[in-house]
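# Analysis of the macromolecular model
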Amino acid sequence: MSTSSSGYVSERVREAAAWVAGRARTVTIDRSLISPYAAELPPPQLAPPDPETELPDGDREARAAFAICLDAINFGSGWWPTIRKRPGRSGYFTVAAGVTERFGAVGPWTPAELESIDATAVATVLGQDPEHPLMADFATALRDVGTRVEADHGGSFAAVIDAAAGSAPALADLLAGWAAFADVSTYEGREVPFFKRAQIAAADVARMGLAELRDLDRLTAFADNLVPHVLRLDGVLRLDPALTARIEAGELLAHGSPEEVELRAGAVQAVELLAAARGAAGQPLTPAEIDTALWNRGGGERYKSRPRPRSRNTAY
């Protein structure tokens with residue numbers, strides 16, 4: 001684990017996203033909208049946990065296991081149209097509900113159980129077809145979690161959190177070293193880290209009260225496909241017309257393609273600019289708080305009714 005703030009993955013994500021945004025050919029940021037858009041962002045809203053999709057009760061070890069396991073499989077947005085969704089639930093919340101029910105009924109997965117979990121076992125928990133490609137991807141991620149928790153942290157999920165010594169960037173850094181949280185693309189021959197799930201896991205640990213973490217403001221936006229979608233429809237991200245047409249037609253974007261990397265990096269950099277504008281106005285919001293506000297906005301009908309960029313991968 002890195003010990004200097006400049007070496008944390010969050011800082012590398014921030015620097016790489018700015019680098020990509022400065023070279024992007026299909027995605028640009030309308031900087032004239034940054035200040036007015038930032039001024040209209042809502043303040044942080046702490047909604048009570050939904051007991052159907054989160055684990056508000058239980059001991060710290062069980063809740064730590066829940067946070068780490070769920071964020072390890074917090075991907076699949078490119079597959080969401082093809083899974084069995086629960087009534088009124090999105091793809092993510094369908095998965096979260098399945099994990100919540102399992103933890104509530106049986107208890108948390110142990111590292112030993114995770115080390116041998118397979119697609120059929122995951123599909124049973126989530127109410128999905130075991131032959132769906134996501135189930136094997138989920139099982140692979142969870143097996144890695146079990147191996148790392150057992151080998152590196154004495155079989156304790158809470159010990160994973162404690163190993164970060166109260167630092168949100170350090171926790172993201174630790175998880176980013178696991179195969180389960182891998183999320184690095186390549187752009188013009190350079191590695192571009194995003195680590196969406198490693199960073200959101202650190203934010204979730206703090207939100208759930210599992211640890212008091214400092215430097216939450218150093219986390220970047222959690223680069224997925226919904227925040228770029230919201231920023232595009234709101235005019236902050238400007239897309240090449242050909243890319244817009246492909247997205248509107250429902251065409252899948254190749255993971256790691258220049259267009260997909262530019263969308264994710266453009267969103268991260270736009271959120272950085274929005275955070276800077278809020279800070280300059282004396283109404284600070286962290287990039288993570290802005291990300292949450294935009295993600296929640298994306299649940300509105302205006303955004304749900306329009307095709308969003310989709311890519312099938314294990315990053316988001």
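A few points on the structure. (Residues numbered from 1 in each chain as written. Predicted model: local features only at pLDDT ≥ 70, side-chain atom pairs only at ≥ 80, totals over all residues. Heavy atoms only, no water.)

Before going further, it helps to spend a moment on the pairing of strand β3 (residues 190-193). Bridging between strand β2 (residues 184-187) and β3 involves four bridges; their strand directions are antiparallel. Bridge pairing links T186 to E191 in β3. Hairpin connection, β2 to β3: the antiparallel pair is bridged by two residues, and E188 has positive phi, about 50°. (Pairing = 2+ DSSP bridges. Helix = DSSP H or I, 4+ residues; strand = E, 2+ residues; numbered from the N terminus.)

We now examine the pattern of salt bridges. Inspection of the entire model under this criterion finds 21 salt bridges. With its nearest N and O atoms 3.2 Å apart, the salt bridge here joins R232 to E248. Residue R232 is located in helix α11 (residues 226-233), and its partner E248 is located in helix α12 (residues 241-248); the two are separated by 16 residues in the primary sequence. According to the relative accessible area criterion, E248 is partly exposed, its value standing at 28%. (Salt bridge = Lys/Arg side-chain N within 4 Å of Asp/Glu carboxyl O. Buried < 20%, exposed > 50% of the residue type's maximum accessible area, 1.4 Å probe, protein only.)

The subject of this paragraph is the environment of I117. Locating I117 in the fold gives a position in the loop between α5 (111-115) and α6 (119-126). Distance in space between the C-alpha atoms of I117 and E131 is 15 Å, their sequence separation being 14 residues. Not counting the four nearest positions on each side in its chain, I117 is found in contact with W109, V122, A139, L142 and R143. (Contact = heavy atoms within 4.5 Å.)

Before going further, it helps to examine the packing of aromatic side chains. Here the structure, examined in full by the defined rule, presents eight aromatic pairs. Pairing F103 with W109 gives two aromatic rings, centres 5.7 Å apart and planes at 90°, and the pair type is edge-to-face. We note that F103, like W109, is buried. Note on W178 and F181: the rings are 6.0 Å apart at their centroids and 65° apart in plane angle, and the pair reads as edge-to-face. Taking the relative accessible area as the measure of exposure, F181 reaches 0% and is therefore buried. (Phe/Tyr/Trp six-rings, centres within 6.5 Å; stacked < 30°, edge-to-face > 60°.)

Below, the discussion takes up the packing of α11 against helix α14 (residues 287-297). Close contact between α11 and α14 brings their axes to 9 Å; oriented N to C, the two are set at 75°. With respect to α14, the axis of α11 lies roughly perpendicular. Packed against α11, whose contacting residues are L226, V227, V230 and L231, the element α14 presents D291, L294, W295 and R297 at the interface. (Axes fitted to C-alpha atoms, helices over the stretch in contact; angles between N-to-C directions. Parallel < 35°, antiparallel > 145°, perpendicular 65-115°, else oblique.)

Turning our eyes to something else, we now look at the nonpolar core. W109, F138, V145, F157, L175 and W178 are the most contacted members of the largest nonpolar core, which has 64 residues in total. Of all the elements in the fold, those that place two or more residues in this core are α3 (60-72), α4 (91-106), α6, α7 (133-153), α8 (157-162), α9 (168-176) and α10 (196-207). Those residues within four positions of V145 in sequence are excluded, and the remaining contacts are I68, A72, L114, F157, W178 and A180. (Core = buried A, V, L, I, M, F, W, Y, C linked by side-chain atoms within 4.5 Å.)

This next bit is on unusual backbone geometry. If you check the backbone angles, A165 has positive phi at about 55° while not being a glycine. By the element assignment, A165 lies in the loop between α8 and α9. Here F195, not a glycine, exhibits a phi torsion of approximately 45°, which is positive.

Our focus in this paragraph is α9. By the criterion of burial, α9 is predominantly enclosed, with nine of the nine residues buried. The complete set of buried residues in α9 reads A168, P169, A170, L171, A172, D173, L174, L175 and A176. For α9, the N-terminal capping position is held by S167, with its side-chain oxygen 3.1 Å away from the main-chain nitrogen of A170. (Polar contact = N/O pair within 3.5 Å; in protein donor to acceptor, adjacent residues only side chain to side chain.)

Below, the discussion takes up the side chain of E262. Of note, E262 is situated in helix α13 (residues 258-280). As a buried residue without a salt bridge, E262 has its nearest oppositely charged side chain in R25, at a separation of 4.5 Å. Polar side-chain contacts of E262 include one of 2.6 Å to the side chain of Y187. In this view, E262 contacts V20, A24, R25, T26, V27 and Y187; residues no more than four positions away in its chain are not counted. (Lys, Arg positive; Asp, Glu negative; His and termini not counted.)

The next point concerns α4. Taking 1.5 Å of rise per residue, 16 residues should cover 22 Å, and α4 covers 23 Å from first to last C-alpha, within 8% of that figure. Within the span of α4, buried status applies to G91, Y92, T94, V95, A96, A97, G98, V99, T100, R102 and F103. Residues of α4 that are buried in the fold lie against α3, α5, α6, α7 and α14. Note on α4: the residue one or two positions beyond its end, G107, has a positive phi of about 105°. (Expected span 1.5 Å × (residues − 1).)

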